[in-house]
Amino acid sequence: MTLNQERNFSTKGKTKEEAGGHIYDMIIIGGGPAGYTAALYALRAGLDAVVLEKLSAGGQMALTGQIDNYPGFEEGIDGFTLGEKMRKGAQRFGAVSRFTEVLSAELSGAVKQVSARDGLYQGRTVVLATGAGPRELGVEGEKELAGKGIHYCAACDGMFYKGRTVAVIGGGNTAAADALLLSRICEKVILVHRRDTLRAEKIYRAPLQEAANVEFIWNSTVTKLIPEERVRGIRLKDTRTGKEQEVSCDGVFIAVGRKPATELVKGQLSLDPAGYVEADESTRSSLPGVFAAGDVRAKALRQIVTAVADGAMAVHFAEEYLA
Ligand code: NAP
């Protein structure tokens with residue numbers, strides 16, 4: 001069945017699930033690398049699976065301009081294209097995608113119930129591949145200024161700051177990659193980190209140090225995002241001396257880590273203290289028939305390669321469970 005046929009499979013406003021009480025072998029929530037790898041493996045294993053995804057294939061990966069650490073692409077590849085390739089690769093074996101938002105899920109029974117904007121989905125197994133989104137800084141002015149100079153994705157919003165001055169907050173790979181990307185667009189990039197060295201990998205550090213328009217402010221935390229109509233600057237506090245200073249900028253890109261998308265399953269599955277789903281390499285969660293794949297799972301290394309590995313593992317152990 002093609003994507004369009006599946007979308008049109010509704011009678012008198014009811015979805016296929018409501019009309020026919022269809023029960024899938026597997027409902028995959030999330031269309032990133034983990035979700036589409038699970039779909040590919042599920043379809044190749046002859047399982048009846050559906051992918052529920054909100055916007056477009058690729059998840060957070062789709063927002064990454066250049067990916068050089070996913071093997072098989074000697075020139076690298078942009079995340080959006082890689083996401084599309086993963087979707088098409090799964091669809092070649094008949095994978096069906098539904099562009100919908102999952103509102104709630106009841107995962108404890110033998111038949112899992114997933115309620116989405118376009119109706120109720122029922123499945124014998126669920127692969128939770130909802131990923132993780134950017135974490136907020138949690139300082140004064142952040143909520144009020146969202147969309148008014150405060151951003152969480154340089155690849156998405158960086159072009160608004162051509163020839164201007166921006167601050168990047170954080171010291172990990174995301175902050176470093178964002179600062180590098182912005183240094184090619186903006187007049188000046190101010191990277192603010194609460195320590196005296198970056199946590200980011202070496203590969204980012206040298207080009208950042210060499211970029212003439214990148215200034216580092218070390219040992220500093222943001223205490224306030226200074227508002228006018230839009231953000232006009234940040235107030236910083238030196239972590240060693242306690243001294244405060246104000247720095248002017250036209251935009252602020254916050255890159256202080258990720259928060260897992262586990263709202264749907266809170267109270268149903270075991271989560272670690274940071275909110276990630278507790279599951280080992282088998283991806284089996286604390287609930288039988290529910291698997292956690294990709295960035296949403298508690299793990300040491302969150303990369304595309306580890307997400308796709310999880311997708312394959314989830315199907316392997318789901319098949320074992322279904323048998
Ligand atoms: P991350 O590695 O957790 O780094 C978060 C950074 O934000 C850290 O430097 C941390 O400081 C800082 N931070 C956290 N809370 C803060 C606060 N309240 N105020 C100020 N600073 C704060 O997160 P990430 O950079 O988003 O990366 C997430 C995952 O994606 C990682 O596993 C990363 O390797 C991966 N990733 C990989 C690539 C790549 O391979 N090309 C690119 C992007 C992301 P401390 O250093 O003091 O803890």
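Values in this document were obtained by computation on a predicted structure and should not be read as measured data.

Student: Lay out the overall build of the protein in plain terms, naming residues and giving numbers.
Tutor: Looking only at helices and strands, one finds eight helices and 17 strands in the protein. The globule rule puts the C-alpha radius of gyration for 323 residues at 20 Å, and the 22 Å found for the protein is close to it. The principal-axis extent of the C-alpha atoms belonging to the protein is close to 65 × 40 × 40 Å. Within the protein, residue pairs in contact and separated by at least 24 positions form 57% of the contacts whose partners lie at least 6 positions apart. If you average the places of the 40 positive and of the 40 negative side-chain charges in the protein, the two averages end up 1 Å apart.

Student: Mind laying out the sheet that holds strand β11 (residues 214-217), listing which residues take part and the relevant values?
Tutor: Pairing is parallel in the open sheet, where five strands are placed in the order β8-β15-β9-β10-β11. Where the open sheet ends on each side, the last strands, each with one partner, are β8 (150-151) and β11. Across four bridges, the pairing between strand β9 (residues 165-169) and strand β15 (residues 251-254) is parallel. Counterpart to I169 in the pairing with β15 is I254. Contacts between helix α6 (residues 173-183) and the sheet are confined to β9, β10 (188-192), β11 and β15, with β9 contributing the most and set at about 170° to the helix.

Student: I'd like a description of the nonpolar core, backed by residues and values.
Tutor: M26, I28, L82, M86, V127 and I304 are the most contacted members of the largest nonpolar core, which totals 31 residues. Those elements that provide at least two residues to this core are β1 (23-29), α3 (33-44), β2 (49-53), α4 (79-91) and α8 (304-322). At seven residues, α8 tops the list of elements feeding residues into this core. Beyond its immediate stretch of four places on either side in the chain, I304 contacts P33, M61, I67, Y70, L82 and M86.

Student: Outline the packing of aromatic side chains, supporting the account with residue identities and numerical values.
Tutor: The full count for this structure, using the stated rule, is four aromatic pairs. Here the basic side chain of R44 rests over the ring of F93, its NZ or CZ set 5.2 Å away from the ring centre. Across from the ring centre of Y276, 3.6 Å away, lies the NZ or CZ of R302, which sits over that ring.

Student: With reference to specific residues and values, describe the environment of G149.
Tutor: Looking at the element boundaries, G149 is found in the loop between β7 (132-134) and β8. Taking the C-alpha atoms as reference points, G149 and V252, separated by 103 residues in sequence, lie 6.1 Å from one another. For G149, the residues in contact, after removing those within four places along its chain, are Y161, R230, V231, D250, G251 and V252.

Student: So what's going on with the state of the cysteines? Which residues, and what values?
Tutor: Tallied over the full model, the rule gives one disulfide. One disulfide bridge connects C153 with C156, the sulfur atoms lying 2.1 Å from each other. Judged by the sign of its S-S torsion, about 75°, the bond between C153 and C156 is right-handed. When its relative accessible area of 27% is taken as the criterion, C156 is described as partly exposed. Here C186 is not cross-linked by a disulfide; its sulfur's nearest cysteine counterpart is in C249, at 11 Å. Assessed through its relative accessible area of 6%, C186 is described here as buried.

Student: Lay out a positive patch on the surface in plain terms, naming residues and giving numbers.
Tutor: A cluster of like positive charges, contributed by R135, R194, R195 and R199, occupies part of the molecular surface. Along the chain, the position of R199 falls in the loop between β10 and α7 (202-210).

Student: Hey, could you go over the confidence of the model for the protein for me, with residue numbers and the actual values?
Tutor: Summary statistics for the protein give a mean pLDDT of 92 and a share of 94% for residues scoring 70 or more. Overall, residues 1-19 carries pLDDT values under 50, and its contacts beyond four positions in sequence, including any with other chains, amount to 33 contacts.

Student: Explain the site of the ligand to me, using residue names and the numbers behind them.
Tutor: Every one of the 19 residues lining the ligand counts as a neighbour, but T174, R194, R195, R199 and Y204 are closest to it. Between the ligand and the protein, one listed contact pairs an oxygen atom with a side-chain N or O atom of Q303 at 3.2 Å. Isolated, the ligand exposes 910 Å² of accessible area, and the fraction of that covered by the protein chains is 77%. Its residues assigned to classes, the shell around the ligand shows four nonpolar, nine polar and six charged.

Student: Quick one: what's the story with the pairing of strand β4 (residues 102-106), residue by residue and with numbers?
Tutor: Looking at chain direction, β4 and strand β5 (residues 112-116) are connected through four bridges and run antiparallel. Note that in β5 the partner of E106 across the bridge is Q113.

Analysis parameters
- Residues numbered from 1 in each chain as written.
- Predicted model: local features only at pLDDT ≥ 70, side-chain atom pairs only at ≥ 80, totals over all residues.
- Heavy atoms only, no water.
- Helix = DSSP H or I, 4+ residues; strand = E, 2+ residues; numbered from the N terminus.
- Rg over C-alpha atoms; globule rule 2.2 N^0.38 Å.
- Contact = heavy atoms within 4.5 Å.
- Lys, Arg positive; Asp, Glu negative; His and termini not counted.
- Charge placed at Lys NZ, Arg CZ, Asp CG, Glu CD.
- Pairing = 2+ DSSP bridges.
- Axes fitted to C-alpha atoms, helices over the stretch in contact; angles between N-to-C directions.
- Core = buried A, V, L, I, M, F, W, Y, C linked by side-chain atoms within 4.5 Å.
- Buried < 20%, exposed > 50% of the residue type's maximum accessible area, 1.4 Å probe, protein only.
- Phe/Tyr/Trp six-rings, centres within 6.5 Å; stacked < 30°, edge-to-face > 60°.
- Lys NZ or Arg CZ within 6 Å of the ring centre and 35° of its normal.
- Disulfide = S-S within 2.5 Å.
- Patch = residues over 30% accessible without salt bridge, like charges linked within 9 Å, V, L, I, M, F, W, Y side chains within 5 Å.
- Areas by Shrake-Rupley, 256 points an atom, 1.4 Å probe, with all protein chains shown as cover.
- Salt bridge = Lys/Arg side-chain N within 4 Å of Asp/Glu carboxyl O.
- pLDDT = per-residue confidence, 0-100.
- Near = heavy atom within 4 Å.
- Polar contact = N/O pair within 3.5 Å; in protein donor to acceptor, adjacent residues only side chain to side chain.
- Nonpolar A, V, L, I, M, F, W, Y, C, P; charged D, E, K, R; others polar.

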